[in-house]
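Take a look at the letters that make up each chain.
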Amino acid sequence: MNQTELNNQKQLPSKKERHKLFGSVDPGPRTKPVDKDKMADLQNSRKDFLFDIDLVGISNVKHPIRIPSQLTPEIQTTIGTFTFGSSIKKGSKGTNMSRFTEQLDKYHHEGFAIDVATLKDFTAELAGRLKQSDACVEVSFPWFFERKGPYSDLTGMNHADASISVNYEEEKGYDVSVTLTGKITTLCPCSKEISEYSAHNQRGNVTMKVKLTDDFNEQDIDWKAALLEAAESNASARIHPVLKRPDEKMVTEQAYENPRFVEDIVRLVAADLYEYEFVESFEVTCRNEESIHLHDAAAVLRYDKKDERGE
Ligand SMILES: Nc1nc2c(ncn2[C@@H]2O[C@H](COP(=O)(O)OP(=O)(O)OP(=O)(O)O)[C@@H](O)[C@H]2O)c(=O)[nH]1
């Protein structure tokens, strides 16, 4: 740097002076206690606050998580988005929100793995920590799985959106639901039937929300892989990250040989979920991003196995 450049350099005020320049002021007199024991505790005020609250807690909590998977990669770290909550009675003003993230941090330091058994323990412990008789936890995350080209066997990574929701009530126990949205190819049966050649096809989004049976054991079944298989094995074709020409020819012909409406998809997926012993009830949605329209085609099917048992 030469002398002229040095002379032209700005002489900035100190950081403290700069903050004052932009409006910061000295702290005013402090009159309220800083010791936790002496602070007002509004949340724990007891009075008749008119109504019970069904759910209060925190949502949209982002946190690193570990996911076990029976498909490759078997251990994955990703970002989970959590919701935590519980009910409160009308005699209580508020919940203690810091306790949710306090417990999340405790589990994180113990190597928090996002599986059904661990989330059940988490939810019951949370109810105890909140001094409530119920608590709930929901976590959503992207789940990755390796996929091979059908001819070349070349690998790449696909993903599906997954979530686990656990409700715990001291009297009733646990209620666990899992959800997976997998993507598929569908080829329109109507278009195939009426056209001299070709048929339009689209990307379908299959969402399966499943209530698990009480005896579900994740050591035996990876629910994520099972739900993905229910969606993909009933599609016109699966979706692949890497396709060489021989692969592309295979998936194109396979789709033509297996045309599906959204109605066909929800019914076929429902049949597989019906056969899965770990499924108590389910809702299947198929939403096709139509390639010949700007709108989507959609179908929803709900089924509860308890109804056929007359429960
Ligand atoms: N109940 C309630 N708390 C809020 C709300 N908005 C912010 N807070 C939280 O209040 C929390 C602090 O309250 P508590 O968790 O009860 O803290 P504490 O009393 O020191 O904690 P404990 O010793 O566990 O009882 C902060 O984490 C804020 O996030 C709100 O709308 N309702």
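Read on for an overview of the structure. On a predicted model such as this, the values are computed, not experimentally measured, just so you know. (Residues numbered from 1 in each chain as written. Predicted model: local features only at pLDDT ≥ 70, side-chain atom pairs only at ≥ 80, totals over all residues. Heavy atoms only, no water.)

### Remarks on helix H6 (residues 223–232)
Inference 1: Of all ten residues making up H6, nine are buried, and the element is well covered by its neighbours.
Inference 2: Buried within H6 are the following residues: Trp223, Lys224, Ala225, Ala226, Leu227, Leu228, Ala230, Ala231 and Glu232. (Buried < 20%, exposed > 50% of the residue type's maximum accessible area, 1.4 Å probe, protein only. Helix = DSSP H or I, 4+ residues; strand = E, 2+ residues; numbered from the N terminus.)

### Things to note about the site of the ligand
Inference 1: The environment of the ligand is made up of Lys36, Gln43, Thr95, Asn96, Met97, Ser98 and Arg99.
Inference 2: In this structure, Lys36 approaches the ligand through a side-chain N or O atom, which is 2.5 Å from an oxygen atom.
Inference 3: Measuring from an oxygen atom of the ligand, one finds a side-chain N or O atom of Arg99 at 2.5 Å.
Inference 4: Compared with its free state, where it exposes 660 Å², the ligand has 52% of that area covered by protein.
Inference 5: Looking at the shell around the ligand, its residues break down into one nonpolar, four polar and two charged. (Near = heavy atom within 4 Å. Polar contact = N/O pair within 3.5 Å; in protein donor to acceptor, adjacent residues only side chain to side chain. Areas by Shrake-Rupley, 256 points an atom, 1.4 Å probe, with all protein chains shown as cover. Nonpolar A, V, L, I, M, F, W, Y, C, P; charged D, E, K, R; others polar.)

### A look at the sheet that holds strand S2 (residues 75–88)
Inference 1: With antiparallel pairing, the eight strands of this open sheet are ordered in space as S1-S2-S3-S4-S5-S6-S7-S8. Each edge of the sheet is formed by a strand with only one pairing partner; in this case those strands are strand S1 (53–68) and strand S8 (296–304). Averaged over neighbouring strand pairs, the angle between their axes works out to 15 degrees when direction is ignored. (Pairing = 2+ DSSP bridges. Axes fitted to C-alpha atoms, helices over the stretch in contact; angles between N-to-C directions.)

### Topic: the pattern of salt bridges
Inference 1: One pass over the full model with this rule turns up 14 salt bridges.
Inference 2: Residue Lys106 is joined to Glu125 by a salt bridge in which the shortest nitrogen-to-oxygen separation is 2.7 Å. With Lys106 in helix H3 (residues 98–109) and Glu125 in helix H4 (residues 116–130), this pair connects stretches of sequence that are 19 residues apart.
Inference 3: On the basis of relative accessibility, which here comes to 29%, the residue Glu125 falls in the partly exposed class.
Inference 4: Three or more residues joined by partner-sharing salt bridges are found here, namely Arg147, Glu229, Glu232 and Arg238. (Salt bridge = Lys/Arg side-chain N within 4 Å of Asp/Glu carboxyl O.)

Everything listed here is a matter of coordinates, which is why it stays silent on function.
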